[in-house]
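Observations on the model geometry
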Amino acid sequence: MTKPEIVGELKKVGKFIQVAESEMNRLGIYPRKPWMYPFDLVGLATVSKAIALSKACLKLVSSGFPDEAYGLSRSIVECANNLRFVTADWDPRDTHARNYVSQHLLYKAFWAHYALEQFAGRPEEQDIRDYAKAEGIVPCFEL
């Protein structure tokens, strides 16, 4: 593709993202109580993340970093896969969303453990502990 063709395609994709984001904002969707309806929070956060990642990919491509944009675009595919998993079967108890949230918290606990191990005895250790406490994360091996 020539440079003018790339610019034209970027404008088309950028317009699509802008319209999609405007439509989502126009709907005025607010999540209900997350402990009762976890899908609301998971779904909206995932869509928001996909829009932000899309904008970042466009910025990278327009700045001459298509390979980096390609790598980042894989995270958009991950967002789509996560939404597909959570919405695969309708369940009034949001079982898939609850499982997704539980797995996400376990993932954070796993990495919190290794972050604490990496920064043991250093000033960053307390920052990690403070963050984990504020987020309700219990590092894996401190259960």
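Residues numbered from 1 in each chain as written. Predicted model: local features only at pLDDT ≥ 70, side-chain atom pairs only at ≥ 80, totals over all residues. Heavy atoms only, no water.

Points about the packing of aromatic side chains
Centre-to-centre distance and the angle between the planes together describe a pair of aromatic rings. The final tally for this structure, using the stated rule, is four aromatic pairs. With centroids separated by 5.1 Å and ring planes inclined at 85 degrees, the aromatic side chains of Phe110 and Trp111 adopt a geometry described as edge-to-face. Among the aromatic side chains, those forming a connected cluster through ring pairs are Tyr107, Phe110, Trp111 and Tyr114. Over the ring of Tyr37 we find Arg32, and its NZ or CZ is 3.8 Å from the ring centre. (Phe/Tyr/Trp six-rings, centres within 6.5 Å; stacked < 30°, edge-to-face > 60°. Lys NZ or Arg CZ within 6 Å of the ring centre and 35° of its normal.)

Things to note about the side chain of His96
Along the chain, the position of His96 falls in helix H4 (residues 95-118). His96 gets classed as buried once you look at its relative accessible area, which sits at 18%. In this structure His96 touches Phe85, Val86 and Asp89, once residues within four positions along its chain are discounted. (Helix = DSSP H or I, 4+ residues; strand = E, 2+ residues; numbered from the N terminus. Buried < 20%, exposed > 50% of the residue type's maximum accessible area, 1.4 Å probe, protein only. Contact = heavy atoms within 4.5 Å.)

A few points about the packing of H4 against helix H5 (residues 123-135)
Direction vectors running N to C along H4 and H5 enclose 160 degrees, while the axes themselves pass 10 Å from each other. Between H4 and H5, the angle falls in the class roughly antiparallel. Once H4 is placed against H5, the crossing between them reads as left-handed. Listed contacts from H5 to Lys108, Ala112, Ala115 and Leu116 of H4 are Glu125, Ile128, Arg129 and Tyr131. Of the residues contributing to the contact of H4 with H5, the split by class is five nonpolar, no polar and three charged. (Axes fitted to C-alpha atoms, helices over the stretch in contact; angles between N-to-C directions. Parallel < 35°, antiparallel > 145°, perpendicular 65-115°, else oblique. Left-handed = near helix turned anticlockwise from the far one by under 90°. Nonpolar A, V, L, I, M, F, W, Y, C, P; charged D, E, K, R; others polar.)

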